[in-house]
Amino acid sequence: MGKNRKPIQIVILLGVLLLGGYAIGKTLFASDDGRPAVGEAAPNFTLLDLNGQSHQLEDYKGKAVVVNFWGTFCPPCVKEMPEFQRMYDKYKDKSFDVLAINLSEDDLTVSNFVGQLGLNYPILRDANRVIERKYGLSQYPTTFFVKPDGTIMDIFVGGMSEQDIDSRVEQLLQS
């Protein structure tokens, strides 16, 4: 029996290595299958804003909507927030809205941040990061430009300049 032990151990070790390598490769090289794609319907969600008011994405059907996932811990996110405010102010009378979804930070941090910047577009709370997972996020900020029919026109991962945002909103309003 002692003679057969070493080959069996080698076979088991190889099996474990192959299985582990497969699992690691699957994780590292996974596609963005979880993220909705351009042309698909934006996944609906229901989230509360800072005042406890409920917002459902489907309630905004018929409007062009920017859905921005952000956090105060993210420098590009912080830079974008006033730019989204300017876009909101510029286009809010044209059937347009911005929904900024905070990524599970505490109420005090988010409220203080919003107050300091004087933001008055809807700031929503994804307290358990359920919507973040539903949208397949991997980086922040990530912004979805949703056409009035509810389909995604564009997805931008990373920070945007005001010009980037403005040109996409113009295109969104024409859709």
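Rules behind the numbers
Residues numbered from 1 in each chain as written. Predicted model: local features only at pLDDT ≥ 70, side-chain atom pairs only at ≥ 80, totals over all residues. Heavy atoms only, no water. Salt bridge = Lys/Arg side-chain N within 4 Å of Asp/Glu carboxyl O. Buried < 20%, exposed > 50% of the residue type's maximum accessible area, 1.4 Å probe, protein only. Helix = DSSP H or I, 4+ residues; strand = E, 2+ residues; numbered from the N terminus. Pairing = 2+ DSSP bridges. Axes fitted to C-alpha atoms, helices over the stretch in contact; angles between N-to-C directions. Contact = heavy atoms within 4.5 Å. pLDDT = per-residue confidence, 0-100. Disulfide = S-S within 2.5 Å. Core = buried A, V, L, I, M, F, W, Y, C linked by side-chain atoms within 4.5 Å.

This model, assessed by the stated rule, comprises seven salt bridges. Across the salt bridge formed by glutamate 132 and arginine 129, the nearest N and O atoms sit 2.8 Å from each other. For glutamate 132, a relative accessible area of 8% translates into the label buried. A relative accessible area of 28% means that arginine 129 is categorised as partly exposed. Note that arginine 168 and aspartate 154 form a salt bridge whose closest N and O atoms lie 2.6 Å from each other. Here the residue arginine 168 occupies a position in helix H5 (residues 162–174), and aspartate 154 occupies one in strand S7 (residues 152–157), the gap between them amounting to 14 residues.

Attention now moves to the sheet that holds strand S3 (residues 64–70). Across a sheet, strands are paired by hydrogen bonds formed along the backbone, either parallel or antiparallel in direction. Reading across the sheet, the seven strands line up as S2-S1-S5-S4-S3-S6-S7 and stay open at both edges, with mixed pairing between neighbours. Edge positions in the sheet fall to strand S2 (54–56) and S7, since each has one partner strand and no second. Strand-to-strand twist in this sheet, taken as the mean axis angle between neighbours without regard to direction, amounts to 30°. Examined bridge by bridge, strand S1 (residues 46–49) and S2 share three bridges and lie antiparallel to one another. The partner of threonine 46 across the bridge, within S2, is glutamine 56. Its contacts with the sheet place helix H3 (residues 107–117) against S3, strand S4 (96–102) and strand S5 (123–125), and it is angled at close to 170° to S5.

This next bit is on the confidence of the model for the protein. Detailed reading of predicted coordinates is not advised where the pLDDT is low. When pLDDT is averaged along the protein, the result is 89; 87% of the residues meet or exceed 70. Ranking the helices and strands of the protein by mean pLDDT puts strand S6 (residues 142–146) first, with 98, and helix H1 (residues 2–28) last, with 66. Across residues 27–32, confidence stays below pLDDT 50; counting only partners more than four residues off in sequence or on other chains, it has one contact.

Turning our eyes to something else, we now look at the state of the cysteines. Two cysteines, two sulfur atoms, one covalent bond between them: this is a disulfide. Taken as a whole and assessed by the stated rule, the structure comprises one disulfide. Residue pairing for cysteine 74: its cysteine sulfur links by disulfide to cysteine 77, the two sulfurs lying 2.3 Å apart. Disulfide cysteine 74 to cysteine 77: torsion about the S-S bond roughly 75°, handedness right-handed. The class of cysteine 74 is buried, set by a relative accessible area of 6%.

Counting 26 residues, the largest nonpolar core has Val66, Trp70, Met81, Tyr121, Ile123 and Phe145 as the members making the most contacts within it. Counting residues per element, the ones that place at least two in this core are S3, helix H2 (75–91), S4, H3, S7 and H5. Here this core gets six residues from one element, more than from any other, and that element is H2. Apart from residues no more than four positions distant in its own chain, valine 66 is found in contact with Phe84, Phe96, Asp97, Val98, Leu99, Thr143, Phe144, Phe145, Val169 and Leu172.

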